[in-house]
There are 2 protein chains.
Amino acid sequence: MATINKDIDTLVINTIRTLAPDVVQKANSGHPGAPMGCAPMAHILYSKFITVNPKQPHWINRDRFVLSNGHGCALLYIMLHLTGHNITMDDLKGFRALDSKTPGHPEANHGVDGIEVTTGPLGQGIASAVGLAIAEAQLAATFNKPKYELIDNYTYVILGDGCMQEGVQAEAVSLAGHLQLGKLIALYDDNHVQIDGDTALGFTEDVVKRYEAYGWHVQVITDGDHDVDGITAAIEKAKAVTDKPSLIKVRTTIGFGSKNQGLEKVHGAPLGEPDIESVKTKLGFKSDQKFYVPQEVYDFYKEIGKKAEKKTEEWYQLLDAYTKEYPELASELKRRLAKKLPNGFKEALPKYTPADPAVATRKLSEMVLNKIAPLIPEFIGGSADLTGSNLTRWKGAEDFQPPSTKLGTYAGRYIRFGVREHGMAAICNGIAAYGAHISFGATFFNFISYALGAVRLSALSKHHVLYIMTHDSIGLGEDGPTHQPIETLAEMRAIPRILNFRPADGNEVSGSYLAAFEEQERPSVLILTRQNLPQLEGSTIEAVRKGAYVLQGKEGKADICFVATGSEVSLAVEAAAELAKQNIKSRVVSMPCWELFADQDIEYQQSVFPEGVPVVSIEAMSTFGWDRWAHASIGIDRFGASAPYKDLYKKFGLVPDVVADKAKKVIEFYKGRTPENKLLRPFPY
Amino acid sequence: MATINKDIDTLVINTIRTLAPDVVQKANSGHPGAPMGCAPMAHILYSKFITVNPKQPHWINRDRFVLSNGHGCALLYIMLHLTGHNITMDDLKGFRALDSKTPGHPEANHGVDGIEVTTGPLGQGIASAVGLAIAEAQLAATFNKPKYELIDNYTYVILGDGCMQEGVQAEAVSLAGHLQLGKLIALYDDNHVQIDGDTALGFTEDVVKRYEAYGWHVQVITDGDHDVDGITAAIEKAKAVTDKPSLIKVRTTIGFGSKNQGLEKVHGAPLGEPDIESVKTKLGFKSDQKFYVPQEVYDFYKEIGKKAEKKTEEWYQLLDAYTKEYPELASELKRRLAKKLPNGFKEALPKYTPADPAVATRKLSEMVLNKIAPLIPEFIGGSADLTGSNLTRWKGAEDFQPPSTKLGTYAGRYIRFGVREHGMAAICNGIAAYGAHISFGATFFNFISYALGAVRLSALSKHHVLYIMTHDSIGLGEDGPTHQPIETLAEMRAIPRILNFRPADGNEVSGSYLAAFEEQERPSVLILTRQNLPQLEGSTIEAVRKGAYVLQGKEGKADICFVATGSEVSLAVEAAAELAKQNIKSRVVSMPCWELFADQDIEYQQSVFPEGVPVVSIEAMSTFGWDRWAHASIGIDRFGASAPYKDLYKKFGLVPDVVADKAKKVIEFYKGRTPENKLLRPFPY
C-alpha cells in the first residue's frame, strides 16, 4: 500500500508540475514557479488531510484551504479540478481569459467552489485564514456537545515569502498565537526567491524564531521538493498540537523541474515551450502532450472524493441525531447557515423623538449593539484597541479568548484585535467567509486607511462585514490632523460595492444598522461621531434604506436645498432656521448613505432634489465628489487642526451663520437661471 | 559629581512627571500616562545622548529623536521646552488649543523645531525612524572621509505597545535588521497597558525574541521607573553594537506617581486635580504649584545646551576644513542641504515626437530615471519587490546594503524594500525628513492602498517623496480585479496637499518628473501604465506644470470636449478622429495632474474648458469625482476583471466607437441649452 501511494503521490505531483506550466503558457501570463514548487504540499494536503465535498461545496464543516500566495492560483485551480470542483479542463485552458472561471488571482464568491477567500494581494490569505480559524473555534464552542463534534474542521494555508513580509500577516499571526488557534496550520513555501531576486536582498530575518515568538508551533522540512513523508508527518504533528497554530517551514525549489528552477525567472512569466517540454521529459511525461492528467490521477482523487462524500454523509447523520437531541440549537445553527436574520431584531432597534437628548452617534451605536448583539448571536467582532472610544462592547459581551487565559472563552463574541487595523479587517473577511457569522471591526475612521487593502477585498468578495468607525471628522477635536479624516469618506465612496453610512441621529443610527445587517453582499461602514448630536425632527429608521430623504422643508418650493450627512445635518437645520428668519425657504436633505440613494429610481431621486432648486452640500471633510449631487459644497479641503471641536467648527466656517451666508451666495449665483439638474445624465454610468 | 547628577536626574524626571499632567489637565484632553512613565527614558536620552542645538535646529548632524507613541507628546513638548527649542511655557499651556504650537500629536514641518517626523498614527514613528537611520547611513557613506566623520548622528526612538502591534512597524524593523542599521536605537516603553486594558488581552507575543529574529540587538531593563544607570548603560551598550539596530525593552509604570498608575485609566484622559496634587506631593513638589519647572532643571539643560552648541561649532569648523580639502564634495553637500536641485537635470529629460514609438509610461519612467538618477544623487529609494515590473532601478544603480552582504554598500541609493508597502512609505517619509534626500517608493498603484496610513503623512508633513506607481488600471490585464485600481486615483485625489500625475506619453512623463522634483512641499504620485502608449501630437514637458492643457482642437468652437488622463488620452484622440469623420468637432484636453490644474487661475482654466462646450471625461477607472470638471464621464464604476487588457478595454466600452457614441449622446443631451460652467463657483472652496 505504502509503495503504491508513494508512486501515485509522485505521479500526482508531477502531473501538477507539468500541467501548471501548460495553463500559464496558454494564457501567456501567470506564475508557473509557485505551483511547481508547492505541488507536493498541495497534493499532500488535498489527498491526506483536507476533507471537502464538491457535491456539497458549502458544507460548513469542510476543511478550509487558503492559497495565500494567490498568484500561484494555477495550482489551486488544478487542485479544484482534480478534486472534482466546478473547474473543468476547459476552465483551466481559459486561465486568465475574459469571463473565465479561472481569473488571474482566486476570487471568492465569484462562482467557483472551493475558493474560500480572495487572495493575491499579499498577506491577505494568511490573515483571513486566521479569521476562518476563529470562526471555526467560535462556532464549535457554541454548538458542539458531548458526542457531537459538529464543528471540527481545520484551516490549512500555503503562504510564500511575499506574505511573510507583509505587515497584515504579522498583525494577524501575532493575534493567532495569542488566541491559541490550534486548528490553523500554515505551510510556508520557503523558496528563497522573490520578484527582485534572492530573498537575501532584503528578507534575512529568522522566520522560525519570529513565529515561535508569536506562540506558534514551528517545524522545518528541508526537502520540500520530495519529502512527502516528512511533510505528511509534520502536518500530523501540527494537528496533534491543539493549543498553538502551526507553521511548517518547507524548503522548496521554485519552478521545480524547469531549466531555471530556483531562479526568479520562473516566478511570474510562462516558461516557454522548450522549457515546458524539457520539464515533461524530466518528470517522465510525453514532451508534446499538453494539458494532460493521467487517468490514475483522476481515479486517485475520485477515491478521495468518495471518502469525503462518506464523511459528509456521516456528518449530516450526526446533524440529524443532534437535531433530535438539541432541537433548538440545531434550528439555530440551520438558521445561521441559511443566512436568515433572527426574528425580532428590527423591532428591538431604538427609536427616538426630537424630545430625546443629544447623544453622540458612537454612543447611539452602542445602544443599538446593547439591544441587538444579544439577539444576533452570529454577530462577532471587536475593536483595534479602542473599545472604550468606539463603544463596541455591548453589555454582557464575553471575550473570544482561549479558556486558559481566563479572560473569556471560545464561545465569546468580542474580539480584542489589538492595535492591528489591517489584520482586523482581513480577519473579519475570513470570519465572514466561513459562512456562519456576521463580523465587525472597529477603529477611528481615519485609521480605516491602514486597513484599505483588506477592506477593498470585503467589497470585492461580497463579505458581510460591518466596519464601525468612530471619531468621524474634525469633530473628534483635540487629537488633531493626524487623527481627523478629511479624505476618508471620499475614499470609501470611491470603492465599488460598499455601503457607507454616516447617520445624523438616533433613528438614522438604528436605520443604518438595519440596512447593514440586511445587506448581505455589500460590506457596510458605519461612520460615527465622537460629539453629541441632537435628535432630529423628521428622521426615521426606514428612511435610511433610501439613502437620502427630505428631512425638513418638504412642502412648497425651496429657495435652497441643503444636503448633509451625520453631524452636519443638524447644522443644515440650524442654517435653514437662520435663513427662515430672512424669509428664505430651505429644504434639508439628510443623506446617510450615498450609495443607497444612487440605487434609487430617478423619480424618487427627483422627489428629494427637485428640478430648479440649487443644492448645497455640507460635510466637515473634503468636498471631493460632492459635485455629483450639489451645486456648491461646504467642507474642508485641507488637513484639519487640533483644538476643541467647537473651535474647529468655527475655524472652518461650519457654523449656521457662515453656512447661511454661503447659501445666500448660491441663491444669488443662480438668480435668473436654472441650476443644472444633477440627476439626469446623457447615459448611465 | 555622580551624586549631584543622580539628584538632578531625579529632579528632572519628577519635573516632567508633574508638569505633564498639568499640561494635559489644562487642555482637559490628552495622554498623561506615557509622559509620566517615559520621563526617565526621555530625560536620559536628552541629557546624556542626544546632541541637538536649538539655535541650529536644522543642523544636519543632529541626533534624531522620534516619539513613536506620539499621543504622549506632552513629553516631547516638555523636552523641547527644557532643551530650549521654540516651545515656551505658554505654548505648553496652550496644549491642544486652536492654532497653538502644541497640537494633539506631534506634527513635523509645522513650525516647531525638534519634531523630526509626524507621529500619533501608531507604528509610523518607528518606521520613519528606520528611514532617518537609512538617510544617515547613506549620507555618511557618501560624504564622510578619513578624519572627517561629518555625518555620524544617532536616531533614537521611544515606542509603545501600540506601535509594537502595528504591521507597519513589523515591516520596517524587519528591514532595519537586514540593513544592520547600528545607529538606530529604540526604547520600548513596556508598560503592559493599552486602551482596552492589560496587554494580556491580545498581545502576548515575546517581543524580545521577535526582534532578535529580525536581527536586532535586544536588552531588557526591568525597572524603567527608576533605573537611570541601567538605562544609561544599556544605551551605551547599544551604541557599541554597530552592526545591528538596538531595542531596549524598558519595563515602566504608565502614569507613574498617579493613584491609578499602571492602569488604563491614566492613558488617555486628564488625571484630575486631586490626583495631580497627590502626584506632586508624592514626588516632593508643592501640590498647588502648577506648570512648575525648578530653576535647577532649566540650568541643568542650559548646560547641556551649551555642550551641544560647542559640538555644533566644532562641526562647522570640521566642515570648513572639509571644504578646503574636498571642495567639490562640500559644495555638493551644501547644495543638497539648501535643497537646490543640481543644474542640468531639466535639460536631461527626454523629449518625444509623435514619430517615436509607443512605449509604456512605466518604461518611459525608467528612461527618465536612467537619465536623471545619476544627476540627482539625493534621489534614493526603491520598490516593494517589484523592481522588474515598476522599472525603477536605473542603469548603474547600486543597492543600499550593508557591505557585509556584498550586495551593495551604504552609499548605494537603490533600496530593496521587500514586500512591505506600508513600511516603505513610512521609511520614505523618514528619509525625506532627514533633510538631505528626495526619497521614492514603488509598487503597483493598487497597493498604495496598503500604504495610505503613511502616504497621508507624507502630505501632512510636506515630505518630498515620490511614489512611482505602475500598473495603473485595468490596463494591467490578466492579474485581474485584485490588482486593478478602480477607486485608487479618486482616493489619492481626495487627499489634501498631494500631487497625482497620470501622464499620457513620454513628454508628459518627463514633465511629471520635472514637477515632482521641483515641488518640495507636496509629495507626488506618478501613475504609470503597464501597456504601451503612443507619443501624442501636441504634448509637451512644460504643459504638465499647468495640470491640464489643450492637446488637440484648440482652434474654433468644439462640439464636445474630451478630458482624459494617462492611457485614455490617446483613446480620446481616436474617438475625436472617429467623430471628425462625422463632422463633429472635438477638443481633447489632457489632464496629467488634476491638482495643478485646480491651482491655475480662472482665465487659464477657461481657456482649457471654454464656456458652452460639454466636457466628457475618460478614465479607465472610477468616475468618482469627475463631476468637478466634466458633464459626463466614461469610466468603470465596478471592480475590474481578469483578461488581456485589450479584451478588458472592449468589455468596459473603452474603445473609440463606443466613446464616440457616448459623446454624441452628450451633444444631443445639451442641444439647445448651455452646459453648466463647471469652473465658476458661488464661493471658493
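This is a predicted model, so every value here is computed, not measured. (Residues numbered from 1 in each chain as written. Chains lettered and ligands numbered in written order. Predicted model: local features only at pLDDT ≥ 70, side-chain atom pairs only at ≥ 80, totals over all residues. Heavy atoms only, no water.)

### Let's talk about the side chain of Asp-22 of chain B
All names here are of chain B. By the secondary structure assignment, Asp-22 is in helix α1 (residues 2-27). Within the local environment of Asp-22, its side chain forms a polar contact with the side chain of Lys-280, the two groups lying 2.9 Å apart. With residues near it in sequence (within four places) discarded, Asp-22 still touches Ile-276, Lys-280, Gln-289, Lys-290 and Phe-291. (Helix = DSSP H or I, 4+ residues; strand = E, 2+ residues; numbered from the N terminus. Polar contact = N/O pair within 3.5 Å; in protein donor to acceptor, adjacent residues only side chain to side chain. Contact = heavy atoms within 4.5 Å.)

### Points about the relation of the copies chain A and chain B
Each copy superposes on the other: chain A lies on chain B with an RMSD of 0.0 Å after a rotation of 180° and an axial shift of 0.0 Å. Here the two chains are linked by the operation of a two-fold rotation axis. Of the residues that chain A buries at the interface, 100% are likewise interface residues in chain B, meaning the two copies contact each other through the same surface. (Least-squares fit on C-alpha atoms with pLDDT ≥ 70 in both.)

### Thoughts on the pattern of salt bridges
Residue and element names in this part refer to chain B. Counted under the stated rule, the structure contains 70 salt bridges over all chains. In this structure, the salt-bridge partner of Lys-310 is Glu-314, at a minimum N-O distance of 3.2 Å. Placement of both Lys-310 and Glu-314 in helix α11 (residues 295-325) is noted, with a separation of four residues, approximately one turn of the helix. Residue class for Glu-314 comes out partly exposed when judged on its relative accessible area of 41%. Put simply, Arg-502 and Glu-568 hold a salt bridge, and the shortest N to O gap is 2.8 Å. Residue Arg-502 is found in the loop between β13 (499-501) and α18 (506-518), and its partner Glu-568 is found in helix α19 (residues 567-581); the two are separated by 66 residues along the sequence. Classification of Arg-502 as buried rests on a relative accessible area of 1%. Relative accessible area serves as the criterion here: at 0%, Glu-568 is assigned to the buried category. (Salt bridge = Lys/Arg side-chain N within 4 Å of Asp/Glu carboxyl O. Buried < 20%, exposed > 50% of the residue type's maximum accessible area, 1.4 Å probe, protein only.)

### A look at the domain arrangement of chain A
Residue and element names in this part refer to chain A. We note that the domain assignment places domain 1 (6-309), domain 2 (359-533) and domain 3 (550-669) within chain A. Listed as interface residues are 29 residues of domain 2 and, on the opposing side, 31 residues of domain 3. Where domain 2 abuts domain 3, roughly 2400 Å² becomes buried across the two surfaces, and 59% of that area is made up of carbon and sulfur atoms. A per-residue breakdown of the area domain 2 buries against domain 3 is headed by Ile-486, Arg-493 and Arg-502, which together make up 29% of the total. Summed over the shared surface of domain 2 and domain 3, the number is three salt bridges. At the surface where domain 2 touches domain 3, the tally comes to 14 residue pairs in polar contact (both at pLDDT 80 or more). Taken together, the elements giving at least two residues each to the side of domain 2 that touches domain 3 come down to α18 (488-494), β13 (499-501) and α19 (506-518). Broken down by class, the residue content of the side of domain 2 that touches domain 3 amounts to 13 nonpolar, eight polar and eight charged. (Domains from an automatic or database assignment. Buried area = accessible area lost by both parts, 1.4 Å probe. Nonpolar A, V, L, I, M, F, W, Y, C, P; charged D, E, K, R; others polar.)

### What to know about empty space enclosed by the protein
When its volume is computed, the largest cavity comes out at roughly 100 Å³. Forming the walls of the largest cavity are Arg-336, Lys-339, Lys-340, Leu-341, Glu-378, Gly-435, Ala-436, His-437, Ile-438, His-464 and Gln-520 of chain A. (1 Å grid on protein atoms, 1.4 Å probe; cavity = no way out; pocket = protein on both sides within 12 Å on 5 of 7 lines; lining within 4 Å. Points joined across faces, edges and corners; volume = space filled by probe spheres on them.)

### Concerning unusual backbone geometry
Residue and element names in this part refer to chain A. The phi angle at Asn-28 is positive, at roughly 55°, despite the residue not being glycine. Relative to the helices and strands, Asn-28 resides in the loop between α1 (2-27) and α2 (33-49). Take Asn-28: its relative accessible area is 57%, and that puts it in the exposed class.

### Quick look at the interface of chain A and chain B
The interface of chain A with chain B comprises 110 residues on the first partner and 110 residues on the second. Together, the buried faces of chain A and chain B total about 9300 Å²; carbon and sulfur atoms form 58% of this surface. Seen at the junction of chain A and chain B, the total is eleven salt bridges. In this structure, Asp-99 of chain A and Lys-651 of chain B form a salt bridge, with 2.9 Å as the shortest nitrogen-oxygen distance. Our enumeration of links across chain A and chain B arrives at 58 residue pairs in polar contact (both at pLDDT 80 or more). With six residues, the top contributor of residues to the side of chain A that touches chain B is helix α7 (residues 167-178) of chain A. In terms of residue class, the side of chain A that touches chain B is made up of 43 nonpolar, 33 polar and 34 charged.

### Some thoughts on the packing of helix α5 (residues 124-143) of chain B against helix α12 (residues 327-337) of chain B
Angle between the axes and distance between the axes are the two parameters that describe a pair of packed helices. Residues and elements named next belong to chain B. Viewed as axis vectors pointing N to C, α5 and α12 meet at an angle of 155°, and their least axial separation amounts to 11 Å. If you check the angle between α5 and α12, you find them roughly antiparallel. Across from Gln-138, Leu-139, Thr-142 and Phe-143 in α5, the residues of α12 making contact are Leu-329, Glu-332, Leu-333 and Arg-336. Tallied by class, the residues present in the contact of α5 with α12 amount to four nonpolar, two polar and two charged. (Axes fitted to C-alpha atoms, helices over the stretch in contact; angles between N-to-C directions. Parallel < 35°, antiparallel > 145°, perpendicular 65-115°, else oblique.)

### Structural notes on the sheet that holds strand β7 (residues 246-251) of chain B
Residue and element names in this part refer to chain B. Here five strands make up an open sheet; going across it, the order is β1-β2-β3-β7-β6 and the pairing parallel. Each edge of the open sheet carries a strand with a single partner, namely β1 (64-67) and β6 (217-221). Across the sheet, the mean angle separating the axes of adjacent strands is 15° when strand polarity is ignored. With five bridges connecting them, β6 and β7 associate as parallel partners. When the sheet's bridge partners are listed, Val-218 is paired in β7 with Leu-247. (Pairing = 2+ DSSP bridges.)

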